[in-house]
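Structural characterization, general
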Amino acid sequence: MKRLYTLFLTLGLLLALSLVDCAKRIIPDWMLLLSLPASGANQSGVRILVDGEALHAPASYISQDGTTMVPLRAVAEALGCTVAWDPVTFTVSISSPDLPEESVSGDSALVVLDPGHGGAHNGAEYGGIKEKDLNLAIPARPAGLLEAEGVTVRMTRTGDQDVDLYARSGLANTLGADLLVSVHCNANVEHDDALGVYTCAYSEGTEGWQLAQMLRETMLESTGAADFGIEERPNLAVLRTAQVPAALVECGFMSTPSELEMLVLPEYQDKLAQGIAGGILDFLEQ
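Residues numbered from 1 in each chain as written. Predicted model: local features only at pLDDT ≥ 70, side-chain atom pairs only at ≥ 80, totals over all residues. Heavy atoms only, no water.

Points about the packing of helix 3 (residues 131-148) against helix 8 (residues 266-285)
Remark: helix 3 packs on helix 8, axes separated minimally by 8 Å, with the N-to-C direction vectors making an angle of 55 degrees. On the basis of the axis angle, helix 3 is oblique to helix 8. The two elements helix 3 and helix 8 cross, and the hand of that crossing is right-handed. Residue-level contacts link L134, A137, I138, R141, P142, L145 and L146 of helix 3 to P266, Q269, D270, L272, A273, Q274, I276, A277, I280 and L281 of helix 8. (Axes fitted to C-alpha atoms, helices over the stretch in contact; angles between N-to-C directions. Helix = DSSP H or I, 4+ residues; strand = E, 2+ residues; numbered from the N terminus. Parallel < 35°, antiparallel > 145°, perpendicular 65-115°, else oblique. Left-handed = near helix turned anticlockwise from the far one by under 90°. Contact = heavy atoms within 4.5 Å.)

Points about helix 5 (residues 207-223)
Over its 17 residues, helix 5 runs 24 Å from end to end, which matches the ideal 24 Å to within 8%, given 1.5 Å per residue. If you check which residues of helix 5 are buried, you get G208, W209, L211, A212, M214, L215, T218, M219, L220 and T223. Elements that come into contact with the buried residues of helix 5 comprise strand 13 (179-186), strand 14 (197-201), strand 15 (227-232), strand 16 (246-253) and helix 8. Downstream of helix 5 by a residue or two, G224 has a phi angle that is positive, lying close to 70 degrees. (Expected span 1.5 Å × (residues − 1). Buried < 20%, exposed > 50% of the residue type's maximum accessible area, 1.4 Å probe, protein only.)

Structural notes on the environment of K132
With respect to the element layout, K132 can be found in helix 3. Measuring from C-alpha to C-alpha, the distance between K132 and A120 comes to 9.5 Å, with 12 residues separating the pair along the chain. Leave out the neighbours within four places in its chain, and K132 touches G116, H117, G118, G119, H121, N122, R157 and D160.

Remarks on the environment of G150
Relative to the helices and strands, G150 resides in the loop between helix 3 and strand 12 (152-155). We classify G150 as partly exposed; its relative accessible area is 44%. For the pair G150 and A109, spaced 41 residues apart in sequence, the C-alpha to C-alpha distance is 7.7 Å.

Notes on helix 8
The first and last C-alpha atoms of helix 8 sit 28 Å apart over 20 residues, in line with the 28 Å expected at 1.5 Å per residue. Those residues of helix 8 not exposed but buried are Y268, Q269, L272, A273, G275, I276, A277, G278, G279, I280, L281 and F283. Among the structural elements, strand 9 (110-115), helix 3, strand 13, helix 5, strand 16 and helix 7 (257-263) are those in contact with the buried residues of helix 8.

Here's the deal with the state of the cysteines
By definition, a disulfide is the covalent link that joins the sulfur atoms of two cysteine residues. Summed over all chains, the structure comprises zero disulfides. There is no disulfide at C185, and the cysteine sulfur nearest it, in C251, is 5.0 Å away. Classification of C251 by relative accessible area gives buried; the value is 0%. (Disulfide = S-S within 2.5 Å.)

Digging into the sheet that holds strand 15
Read across the open sheet, the six strands follow the order 12-9-13-16-14-15; overall the sheet is mixed. Only two strands of the sheet have a single neighbouring strand rather than two, namely strand 12 and strand 15. Taken over all neighbouring pairs, the strand axes of this sheet differ in orientation by 20 degrees on average, direction set aside. Here strand 13 runs beside strand 16; their pairing, made up of six bridges, is parallel. The residue bridging L180 from the neighbouring strand is A246, located in strand 16. (Pairing = 2+ DSSP bridges.)

So, the pairing of strand 6 (residues 68-71)
On strand 6, burial covers both faces: T68 and V70 on one face and M69 and P71 on the other are all buried. As paired strands, strand 5 (residues 61-62) and strand 6 are joined by two bridges and run antiparallel to one another. In the sheet register, Y61 faces strand 6, and the bridge partner there is M69.

What to know about the side chain of R168
By the secondary structure assignment, R168 is in helix 4 (residues 165-175). With relative accessibility at 5%, the residue R168 sits in the buried group. In terms of polar contacts, R168 uses its side chain to reach the side chain of D114, at 2.6 Å. The contacts of R168, once residues within four sequence positions are left out, are D114, P115, G116, H117, T156, V163 and V238. (Polar contact = N/O pair within 3.5 Å; in protein donor to acceptor, adjacent residues only side chain to side chain.)

What about unusual backbone geometry?
The general pattern is negative phi for most residues beyond glycine and trans for most peptide bonds. Despite not being glycine, H117 has its phi angle at roughly 60 degrees, a positive value. Structurally, the position occupied by H117 is in the loop between strand 9 and strand 10 (125-126).

Quick notes on the nonpolar core
If you look at the biggest cluster of nonpolar residues, it comprises 36 residues, and the most contacted ones within it are V181, L215, C251 and I280. When residues of this core are traced back to their parent elements, those giving at least two are strand 9, helix 3, strand 13, strand 14, helix 5, strand 16, helix 7 and helix 8. In contact with I280, not counting residues within four places along its chain, are V111, L113, L146, L179, V181 and L215. Membership of the second largest hydrophobic core comes to 15 residues, among which are V112, A172, Y198 and L236. (Core = buried A, V, L, I, M, F, W, Y, C linked by side-chain atoms within 4.5 Å.)

Describing the pairing of strand 14
When you tally the buried positions in strand 14, you get five out of five residues, the bulk of the element. Of the two faces of strand 14, the one lined by V197, T199 and A201 and the one lined by Y198 and C200 are each fully buried. Pairing between strand 14 and strand 15: five bridges, direction parallel. The residue of strand 15 that forms the bridge with V197 is D227. Once the chain exits strand 14 it traverses helix 5 before rejoining the sheet at strand 15, and the crossover so formed is right-handed. Here strand 14 runs beside strand 16; their pairing, made up of three bridges, is antiparallel. (Right-handed = clockwise from strand over helix to strand, strands pointing away.)

Worth remembering: the numbers are spatial, not functional.
Below, the structure is given as structure tokens:
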């Protein structure tokens, strides 16, 4: 079992130098605000706001000598960075997501597609089929359809690698994308007959919700699949931290044998691709 290391740095020069470069590269306009009690050591008096949003970092505290301590990982990842710890050299490294070298034309709509999971994170697994592999195969298809329509597409991963949750939305935020769609496949451990396409967004009444609705309609039309509905999912990091319209789609239930058989078929993946691309194009054209 891997050890989990939490590294704390004194708020001040070291923390600032560690995060400033990352923040500039990931979030163009950012603000880190600490709210502290008037005096005294405290285990719960530190409140951290990143871009006006409260950051859940319960390990923050004020020491007996009045030094404010905050977890580096929590703050760095909130800014879209990836934090790695080397136990041999006792070194912490902070890096931003790899960005495409080529520039994006100002005349072209820019879409970020996010194949869920990857690397050590398999997602659901049924019949020897890993969700991470389906999640990669499916969005690669609408990417081609969108590019044929003149849309610029960026993928958060193009192979079987780990991608930090915050780096997914961080890529869309940094590029100023027109929208972000995260692609997954579903599973239900209680019902092996659950069926259908499911979409979600951070909250109702947002542009992300409109995107989720359009994706739902076009995916149902292109596949003929059952409708598992649409709902708000403010707890999902990829939706919560996106500064662009964002939606997540679940293409079907791997836990239901009949639907899993469909999900692995290239012909059915093409139908899913048509639905995803169609919903994106509808959103861009509105």
